[in-house]
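Observations on the model geometry
Residue strings, one per chain:
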Amino acid sequence: MTNRAMELSRSEVLRYRMHRQGLYRLEEQPAILDLGLQQMGTSVAQALAARAPRTGWDHPELTLAWTYRGAPHLHWDTDLGKLATALSPRTEDGAAARLSWSKPQVDRCGMPATEAIGRVASVAAEVITAPMTKGAASAAITEHIPRGLGYDCRPCRTFHVNEQLMRVAMLPAGVVLDREAPKIVLRPGNLPRPKRKPDPAAVIRTYLRFLGPATVKETAAFFNSTERELAPVWPRDLLGCTVDGAPAFLTEEPGELPEDPIVRLLPPMDPYLQPRNREFLVPDAVARKQLWRILGNPGALLVDGEILGAVRQKTSGRRLEVTVEAFGHLSAPVRADTEAEAQRLAEARDMRAVTVHWLD
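In short, a report on the structure. All chains use their own residue numbering, which begins from 1 and follows the written sequence. Where totals are concerned, whole chains, interfaces and linings use all residues; where local detail is concerned, this predicted model gives features only for residues with pLDDT of at least 70, and gives and counts side-chain atom pairs only at 80 or more. The basis for every side-chain value is the complete set of heavy atoms in the structure, and neither hydrogens nor water enter the calculation.

Let's shift gears to the overall build of the protein. A run of DSSP states H or I qualifies as a helix once it reaches four residues; a run of E qualifies as a strand once it reaches two. Both are numbered from the N-terminal end. When its secondary structure is counted, the protein shows 14 helices and 16 strands. What you see for the protein is a C-alpha radius of gyration of 21 Å, in line with the 21 Å of a compact globule of 360 residues. A contact between two residues is defined here by any heavy atoms of the two lying within 4.5 Å. Intrachain contacts of the protein at a sequence separation of at least 6 include 65% that bridge at least 24 residues. Calculation of accessible area relied on Shrake-Rupley with a 1.4 Å probe; when residues are assessed, cover is drawn exclusively from the protein chains displayed. Carbon and sulfur atoms provide 51% of the accessible area of the protein, an area that totals close to 16700 Å². Distance between charge centres in the protein, computed from 46 positive and 43 negative side chains, equals 6 Å. The globule rule is 2.2 Å times the number of residues to the power 0.38, and the radius of gyration it is compared with is taken over C-alpha atoms. By the counting scheme adopted, Arg and Lys are positive, Glu and Asp are negative, and His together with the chain ends is not counted. One atom stands in for each charge, and that atom is NZ of Lys, CZ of Arg, CG of Asp or CD of Glu.

The structure is reproduced here in structure tokens:
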């Protein structure tokens, strides 16, 4: 790691992230797809609308898969094979972290977490040879795994493979998700099975490119990894910096950053909201509680890098209703720009009209 350190202010970090994530809408093809976009409802379409110059942007070479933290993300087809290798756990504690398993849970399953992931991945590659609903795939996998890898599921009223274990094992099994299906449908993705030792250096750099500066601990949290797993493979060519005095890492110097004022409506799980240091992104504790909930996170109103409100949406026929709960005073120009962004959201979601409601 280099000894070079630059000092960055919080405002410079926020502008850096906005610029790298394409929120200034300077590029036709959103660069953020190199990292991936998490899908929750229509969040992908909304995240692209916040970044692409035109609404309705899409590309045929994008595929949905369970990747980071076992959550569904949209990625370039050509990145999925590399991700399967890079995200595979290097250590036993890394594997347990991927599964959110404690030692008692590992003991109950009867095998190390690394072996459990590999076992389910091997079975999935054999049984998912055509599109299958999640329920059918789960049932097929459960028939061929040790009982310790499943559990009695009360909502399903059946015994099946552990949910997070199944999600984490699908990418190394070469299994992806059908973007167009109304339900969760799994299908073979024709991906190469990971064979060489996992090297997460490339995905670490990608994370820092879009969500840096960050520490090893913050980066590990994004991947459901651990500092112990990432520290030995942490890239040595990163730039050291300090952010308001705290050490962190970047892939490159920020350079000249745009200063144009922007207003964007971000969906829940937007990449801008994904850094694990939430206190840095949203200093106000009350606002953080409104944005990050146990269930039902809202979207966010982004104004020049700052999160100034929580945003919820609902539809009525072909009408979109957007409710903005402001965290403080919003100027008339900001409200006008918010109305314009709401119109873009309506277009991206193929709605005929939009109404914005304000909660101050």
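What follows deals with helix 9 (residues 201-211). The buried count for helix 9 comes to 8 of 11 residues, which makes it a mostly enclosed element. Each residue gets one of three labels from its accessible area relative to the maximum for its type: buried under 20%, exposed over 50%, partly exposed in between, using a 1.4 Å probe on protein chains only. When helix 9 is considered as a whole, its buried residues turn out to be Ala201, Val203, Ile204, Thr206, Tyr207, Leu208, Phe210 and Leu211. Taken together, the buried residues of helix 9 touch helix 1 (10-20), helix 3 (77-86), helix 10 (216-222), helix 11 (227-230) and strand 11 (246-250).

A separate point is the pattern of salt bridges. Salt bridges are defined as contacts in which a side-chain nitrogen from Lys or Arg sits within 4 Å of a carboxyl oxygen from Asp or Glu. Overall, the coordinates contain 18 salt bridges when judged by the stated rule. We note a salt bridge from aspartate 34 to arginine 209, for which the minimum N-O separation is 3.1 Å. Of this pair, aspartate 34 sits in the loop between helix 1 and strand 2 (37-38) while arginine 209 is found in helix 9, placing the two residues 175 residues apart along the sequence. The class of aspartate 34 is partly exposed, set by a relative accessible area of 32%. What you see here is one network of salt bridges that share partners, running through Arg25, Arg264 and Glu341.

This paragraph deals with empty space enclosed by the protein. Of the grid points, spaced at 1 Å and generated over the protein atoms alone, those admitting a 1.4 Å probe that cannot get out make up cavities, while open sets with protein on both sides within 12 Å along at least five of seven lines make up pockets; any residue with an atom within 4 Å of a point is treated as lining. Grid points are joined across faces, edges and corners, and a volume is the space filled by probe spheres set on the points. The final tally for this structure, using the stated rule, is 4 cavities of 30 Å³ or more. Here the largest cavity is characterised by a volume of approximately 160 Å³. Lining of the largest cavity is provided by 16 residues; of these, Thr67, Leu87, Ser88, Arg98 and Val168 occupy positions nearest its centre. Polarity classes work like this: nonpolar for Ala, Val, Leu, Ile, Met, Phe, Trp, Tyr, Cys and Pro, charged for Asp, Glu, Lys and Arg, and polar for all others, with Gly in that last group. Here the residues of the lining of the largest cavity are counted per class, giving 10 nonpolar, 3 polar and 3 charged. Its volume calculated, the second largest cavity comes out at about 60 Å³. Among the residues making up the lining of the second largest cavity, the classes are represented as 6 nonpolar, 2 polar and 3 charged.

Quick look at the environment of glycine 81 now. Relative to the elements of secondary structure, glycine 81 occurs in helix 3. Residues in contact with glycine 81, not counting those within four places in the same chain, are Leu191 and Pro192.

The next subject is the nonpolar core. Ranked by internal contacts, the top residues of the largest apolar core, which has 71 residues, are Val120, Ile128, Ile141, Leu165, Met170, Leu186 and Phe223. The element that contributes the greatest number of residues to this core is helix 6 (residues 113-127), accounting for 7 residues. Look past the residues within four positions of isoleucine 128 in its chain and what remains in contact with it is Ala137, Ile141, Met170, Val175, Leu186, Arg187 and Pro188. For this analysis, a nonpolar core means a set of buried residues of the types Ala, Val, Leu, Ile, Met, Phe, Trp, Tyr and Cys, connected via side-chain atoms within 4.5 Å.

Turning next to the pairing of strand 6 (residues 150-153). Each regular strand displays side chains that alternate between the two surfaces of the sheet. Two elements, strand 6 and strand 7 (residues 158-161), share 4 bridges in a ladder whose sense is antiparallel. By the bridge assignment for strand 7, aspartate 152 is matched with phenylalanine 159. A pair of strands counts as paired when DSSP detects no fewer than two bridges linking them.

Attention now moves to the sheet that holds strand 14 (residues 306-316). Sheet architecture is open: 5 strands sit in the order 12-13-14-15-16, paired in mixed fashion. Both outer strands of the open sheet, strand 12 (263-266) and strand 16 (353-359), are each paired with one neighbouring strand and no more. Strand-to-strand twist in this sheet, taken as the mean axis angle between neighbours without regard to direction, amounts to 25°. Here strand 15 (residues 319-326) runs beside strand 16; their pairing, made up of 7 bridges, is parallel. In the strand pairing of strand 16, glutamate 321 is matched with threonine 355. The convention used is that axes are lines fitted to C-alpha atoms, helices contributing only their stretch in contact, and that angles between N-to-C directions extend from 0 to 180 degrees.

It is worth spelling out the layout of surface pockets at this point. A volume near 430 Å³ is recorded for the largest pocket. Taken together, the residues of the lining of the largest pocket break down into 10 nonpolar, 6 polar and 5 charged.

The buried fraction of strand 4 (residues 72-76) amounts to 5 of the 5 residues, a majority that puts the element mostly inside the structure. Two strands pair when backbone bridges link them, and strand 2 and strand 4 are joined in this way by 2 bridges, in the antiparallel orientation. Bridge pairing in strand 4 places leucine 37 opposite leucine 74. Sheet topology places strand 3 (residues 62-66) next to strand 4; 5 bridges connect them, and they run antiparallel. By the bridge assignment for strand 4, leucine 62 is matched with tryptophan 76.

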